[in-house]
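A structural walkthrough
Residues per chain are reported as follows:
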Amino acid sequence: MPKSPIAKIIPHTLEEHGHVRTDNYYWLNDRGNPEVIDYLNQENDYYQQSTDHTKAFQNDLFEEMKARIKEDDESVPYFYNGYYYITRFEKGKDYPIHSRKKGSLEAKEEILFDCNELAKGHAYFNLSGLSISEDNTMVAFGIDTVSRRQYSIQIKNLVSGEILPIKLENTTGGSTWASDDKTLFYSRKDEVTLRSDKIYKHKLGTAADKDTLVYFEKDETFDVSVYKSKSKKYLIIHSGSTMTSEYQTVLSATPDAKFKVFQKRTRGLEYSVSHYGEHFYILTNKDKATNFKLMKTHEDATSKENWVDLIVDRDDVLLEDIDIFKDYLVVTERFDGLNHIRIMPWSGKGEYYLPFDSETYMAYTTTNLDFDTEILRYGYQSLATPASVIDFNMKTKEKSILKEQEVLGGKFDKNNYKEERIWATVKDGTKVPISIVYTKEIKKDGKNPLLLYAYGSYGVTMDCHFSSVRLSLLDRGFIYAIAHIRGGEDLGRQWYEDGKLLKKKNTFTDFIDCSQFLIDKKYTSTNHLYAEGGSAGGLLMGVIINMAPNLYNGVVAQVPFVDVVTTMLDDTIPLTTGEYDEWGNPKVKKYYNYMLSYSPYDNVIEQAYPNLYISTGLHDSQVQYWEPAKWVAKLRVLKTNNKQLYLDTNMVAGHGGSSGRFEAIKEIAKEYSFLLDLEGIKR
């Protein structure tokens, strides 16, 4: 084995509330320091040399995963404003081609963007936020070639094919056209914190520096965005924090008029708005509706005292989303930890739920842009069932499967896999669901390798999606499981509330207790149990290896948020101020003490740690690269065993990893080869 790099120690003192911490690796925060880049390169070299014996296997895994993917694939077309829109891939190419056809699928294809051409010369490329004017002649789009989610918006004339010379810099990539087809609204970021804090208005034919500032969000805990209602009648500005919402509207036909506040922000009041006819429909937690309810108000009387209940709050049902049609209201609900789609005719007669049988599925409405239709488009998949796009006639109840994800190679049969949902009782008596998939040959004898995944933050629900690349683990004897721990919204809004702020440790102990439950039930054992999580899920990984290192043989931590206290004390770091309602503000002593008690970096101690593969991106805007870098440096010095410890830094990517569908698979092949190698599986 090559000798592992040891980062130099430069003590740096940090003090808050009279408490002093010494950070020996604070110097790694400086991306512009050549010594920092040198250290990251040393770690990369160490990882490459140490895993050289797996290189051929990594390549085999990559080719195996790639071979299951239909390379010349395309999306199900959707019809909008006179055109069918299609995204397709060509064989051997990494990036999508966006196109449209006028009036009919038999019409001539019009290429909007070939991202393979646009990506040439860039190590990273992402095109986002396509927005087409109502007269179909202009498209605005955002491009990021650094992976810090700072997009340049440009405009293409779809009649001439010319890309206009104008560039709107440092944006979110999203934009929306007013009904005059000349005015474009977009959101811009603070250059230091990357918080989306400004809404600008651009007029075709004018210079970017002449753009008008429409709205500035002064509250550093809020982000802003702008979009157009499905009805096309309103332009809408949304200001949102973790637990408070505010909307402003203006008629799309009068983009130079002043935006009007829909309902002024009230701390703790969350709401979202949809428009149809002469009314707005509001999803909200008003009146202590923990799991949200649906309300309605006339468009001329939008403040909350005018809102009227349509669907009341229920303790056991989370109201997640709505889709509005001329004759139907479609409601996406969650109960018993699973999605349910409810069809409610406006007539009030004959409402029903779409039937789903699996224990581990996810169902979701997709692109439904037309009001005057009986057809609902939705998606369905499960841990063992490839994703399908389905058109469902809400009147006749007939369904048409427009597309099912193809798994090439001739070996995949969903009937060869078993799906389960089991419930682990954790220390405080709460029952936590775990979704599991494995081949039917598996015996529960405690000898199976098992990969347990979780996230557990921001109210994000970990639904049971299908993955063709995951088959490379399942077909080699792995069990794959998802722990639906508190901090997500898997079992409703209270599930989230019980895993944030001063209850955050429930997230970590839930995962540990789920791990022990799987061991007790003989799905696996400590010698064969692995854990994986990314970003806030990487925080989870950092905590569990401090609290229960002996439970796991190996852990994969992707772009992990591990230096919690230092990051949350620095309000110049992107996203920090908007996170206070999730983690707490450590400038308040009770939150400082609580966060310090679990922060992975601050709680590394002299003990034996499991095998670790840790990944990050140099340009990550969500979790800065130095968090995992410092964490690894500290672990190298304090861990008391010779288990593997790898830091793999993508020097050209950010939070989402490499761009391009095949480069992303190479990163998964690295993770899988790490796990399989620990199991002694070489092919």
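Our subject is the structure listed above.
Residues numbered from 1 in each chain as written. Predicted model: local features only at pLDDT ≥ 70, side-chain atom pairs only at ≥ 80, totals over all residues. Heavy atoms only, no water.

1. Describing the overall build of the protein
Convention followed: A run of DSSP states H or I qualifies as a helix once it reaches four residues; a run of E qualifies as a strand once it reaches two. Both are numbered from the N-terminal end. Only C-alpha atoms enter the radius of gyration; for comparison, a globular chain is expected to reach 2.2 Å times N to the power 0.38, where N is the number of residues. A contact between two residues is defined here by any heavy atoms of the two lying within 4.5 Å. Residue burial considers only the protein chains on display, and all accessible areas are found by Shrake-Rupley using a 1.4 Å probe. Here Asp and Glu are counted as negative and Lys and Arg as positive; His is not counted, and neither are the chain ends. Just so you know, the charge point we use is NZ for Lys, CZ for Arg, CG for Asp and CD for Glu.
When helices and strands are counted, the protein shows 12 helices and 37 strands. In terms of C-alpha radius of gyration, the protein reaches 25 Å, essentially the compact-globule figure of 26 Å for 683 residues. Each principal axis of the C-alpha atoms in the protein carries an extent, and together these give about 65 × 55 × 50 Å. The long-range fraction of contacts in the protein, counting pairs at least 24 apart against all pairs at least 6 apart in sequence, stands at 56%. Accessible area of the protein: about 28100 Å², with a carbon and sulfur share of 49%. Treating the 86 positive side-chain charges of the protein as one cloud and the 99 negative ones as another, the clouds have centres 1 Å apart.

2. Some points on unusual backbone geometry
Here is the rule we go by: Exposure categories follow from relative accessible area, calculated using a 1.4 Å probe and restricted to protein chains: below 20% of the type maximum is buried, above 50% is exposed, and the middle band is partly exposed.
In this structure, N136 is a non-glycine residue whose phi angle is positive, near 65 degrees. Relative to the helices and strands, N136 resides in the loop between β7 (126-132) and β8 (138-144). Judged by relative accessible area, N136 falls into the buried class, the value being 13%. Even without being a glycine, V559 presents a positive backbone phi close to 35 degrees. Relative to the assigned elements, V559 resides in the loop between β35 (554-558) and α8 (564-569).

3. Regarding the sheet that holds strand β15 (residues 234-240)
Quick note on the threshold: Paired strands, in this sense, are two strands between which DSSP finds at least two bridges.
Taken together, the four strands give an open sheet; going across it, the order is β14-β15-β16-β17, and neighbouring strands pair in antiparallel fashion. Only two strands of the sheet have a single partner each, and these edge strands are β14 (223-228) and β17 (260-261).

4. Considerations on a negative patch on the surface
Note the cut-off: Residues form patches when they are more than 30% accessible in relative terms and have no salt bridge. Like charges link within 9 Å. Nonpolar side chains (Val, Leu, Ile, Met, Phe, Trp, Tyr) link within 5 Å. Salt bridge, as used here, is a side-chain nitrogen of Lys or Arg placed within 4 Å of a carboxyl oxygen of Asp or Glu.
A cluster of acidic side chains, namely D327, D370, D372 and E374, defines a negative patch on the protein surface. Relative to the helices and strands, D327 is located in the loop between β22 (318-324) and β23 (328-335). Take D327: its relative accessible area is 41%, and that puts it in the partly exposed class.

5. Let's talk about the pattern of salt bridges
Where charged atoms from two side chains of opposite charge approach closely, those side chains can pair. Applying the stated criterion to the full structure yields 45 salt bridges. Between D256 and K203 there is a salt bridge, with the nearest N and O atoms lying 3.0 Å from each other. Of the two residues, D256 is situated in the loop between β16 (245-251) and β17 and K203 in strand β12 (residues 196-203); the sequence distance between them amounts to 53 residues. Residue classification places D256 among the exposed positions, given a relative accessible area of 54%. Residues participating in the shared-partner salt-bridge network are E270, E489, R493, E497 and K500.

6. Details of the sheet that holds β8
Where we set the bar: Each axis is a line fitted through C-alpha atoms, taken for helices only over the stretch in contact, and angles between the N-to-C directions span 0 to 180 degrees.
Ordered in space as β7-β8-β9-β10-β11-β12-β13, the seven strands form an open sheet in which the pairing is antiparallel. The open sheet is flanked by β7 and β13 (212-216), the only strands paired with a single partner. Strand-to-strand twist across the sheet, computed as the mean angle between neighbouring axes with direction ignored, equals 30 degrees. In this structure, strand β10 (residues 168-177) lies alongside strand β11 (residues 183-189), joined through four bridges in antiparallel fashion. From the neighbouring strand, T176 faces β11, where its bridge partner is F185.

7. Remarks on the packing of aromatic side chains
For any pair of aromatic rings, the description consists of the separation of the ring centres together with the inter-plane angle of the planes. The line we're drawing: Side-chain rings of Phe, Tyr and Trp (the six-membered ring for Trp) are treated as a pair once their centres are within 6.5 Å; stacked means planes under 30 degrees apart, edge-to-face means over 60, and tilted covers the remaining angles.
The tally for this structure, following the rule as stated, stands at 36 aromatic pairs. Between Y281 and W346, the ring centres sit 5.5 Å apart and the planes meet at 45 degrees, which makes this aromatic pair tilted. Pair noted here: Y281 is in strand β19 (residues 279-284) and W346 is in the loop between β24 (338-345) and β25 (352-353), with a separation of 65 residues, a long-range link. Taken together, a centroid distance of 6.1 Å and an interplanar angle of 85 degrees make the contact between F335 and Y353 edge-to-face. Residue F335 is found in strand β23, and its partner Y353 is found in strand β25; the two are separated by 18 residues along the sequence.

8. Section: the side chain of E489
Under the convention used in this document: Polar contacts here mean pairs of N or O atoms no more than 3.5 Å apart (in protein, one a potential hydrogen donor and the other a potential acceptor; neighbouring residues in sequence count only if both atoms are side-chain atoms).
Its place among the elements puts E489 in the loop between β33 (479-483) and α5 (493-497). For E489, the side chain forms a polar contact with the side chain of R493, separated by 3.3 Å. For E489, the contacting residues outside a window of four places in its chain are L318, R334, G459, V460, T461 and Y496.

9. A look at the nonpolar core
Quick reminder of the rule: The set of buried Ala, Val, Leu, Ile, Met, Phe, Trp, Tyr and Cys residues whose side-chain atoms join them within 4.5 Å is what this entry labels a nonpolar core.
Within the largest apolar cluster, 114 residues are counted, with the highest numbers of intra-cluster contacts made by I434, I436, F511, I544, Y552, Y598 and W631. For Y552, the residues in contact, after removing those within four places along its chain, are F511, I512, S515, T526, L529, A531, I544 and P610. Counting 17 residues, the second-largest nonpolar core is a separate cluster that includes F325, L338, F356 and L376.

10. Some points on the pairing of β19
Regular strands show a simple pattern: their side chains alternate between the two faces of the sheet. Within β19, five of the six residues are buried, which leaves the element mostly enclosed by the surrounding structure. Examined bridge by bridge, strand β18 (residues 271-276) and β19 share six bridges and lie antiparallel to one another. Bridge pairing in β19 places S274 opposite Y281. Taken together, β18 and the strand that follows it, β19, pair antiparallel across an intervening segment of two residues, in which G277 is found at a positive phi of about 65 degrees.

11. Describing the packing of helix α2 (residues 55-67) against helix α12 (residues 661-678)
Quick reminder of the rule: Oblique is the label for every angle not falling under 35 degrees (roughly parallel), over 145 degrees (roughly antiparallel), or within 65 to 115 degrees (roughly perpendicular). The handedness criterion is simple: a crossing whose near helix is rotated anticlockwise from the far helix by less than a right angle is left-handed, and one whose near helix is rotated clockwise is right-handed. Asp, Glu, Lys and Arg are counted as charged, while Ala, Val, Leu, Ile, Met, Phe, Trp, Tyr, Cys and Pro are counted as nonpolar; the rest, among them Gly, fall into the polar class.
Viewed as axis vectors pointing N to C, α2 and α12 meet at an angle of 130 degrees, and their least axial separation amounts to 8 Å. The orientation of α2 with respect to α12, classified from their angle, is oblique. Helix-helix and strand crossings are classified by hand; for α2 and α12 the assignment is right-handed. The segment α2 lies against α12, with F57, Q58, L61, F62, M65 and K66 engaging F662, I665, K666, I668, A669, K670, Y672, S673 and L676. The residue makeup of the contact of α2 with α12, split by class, is 10 nonpolar, two polar and three charged.

12. Overview of helix α6 (residues 505-520)
Stated formally: The length a helix should cover is 1.5 Å for every residue beyond the first.
Taking 1.5 Å per residue, 16 residues should reach 22 Å; α6 reaches 22 Å between its end C-alpha atoms and fits that length. Counting buried residues in α6 gives 12 out of 16 residues, a clear majority hidden from the surface. Taken as a whole, α6 has its buried residues at N506, T507, F508, D510, F511, I512, D513, C514, S515, F517, L518 and I519. Positive backbone phi, at 70 degrees, marks K522, one or two positions downstream of α6.

13. With respect to the pairing of strand β28 (residues 388-393)
Where burial is concerned, most of β28 is hidden: five out of the six residues are buried. Pairing of strand β27 (residues 375-382) with β28, which is carried by six bridges, proceeds in the antiparallel orientation. Note on β28: the bridge partner recorded for R377 is D391. Taking the residues that link successive antiparallel strands as the turn, the β27-β28 hairpin has five residues. The sheet contact formed by β28 and strand β29 (residues 399-404) spans five bridges and is antiparallel. Bridge pairing in β29 links D391 to S400. Linking β28 back to β29 in an antiparallel pair, the connection comprises five residues, with K397 at a positive phi of about 65 degrees.

14. Concerning the side chain of S196
Position of S196 among the secondary structure elements: in strand β12. Taking relative accessible area as the criterion, S196 reaches 7% and is therefore assigned buried. From its side chain, S196 meets the backbone oxygen of V224 in a polar contact 2.6 Å long. Each residue touching S196, except ones within four places of it in the same chain, is listed here: T172, S187, R188, K189, F222, D223 and V224.

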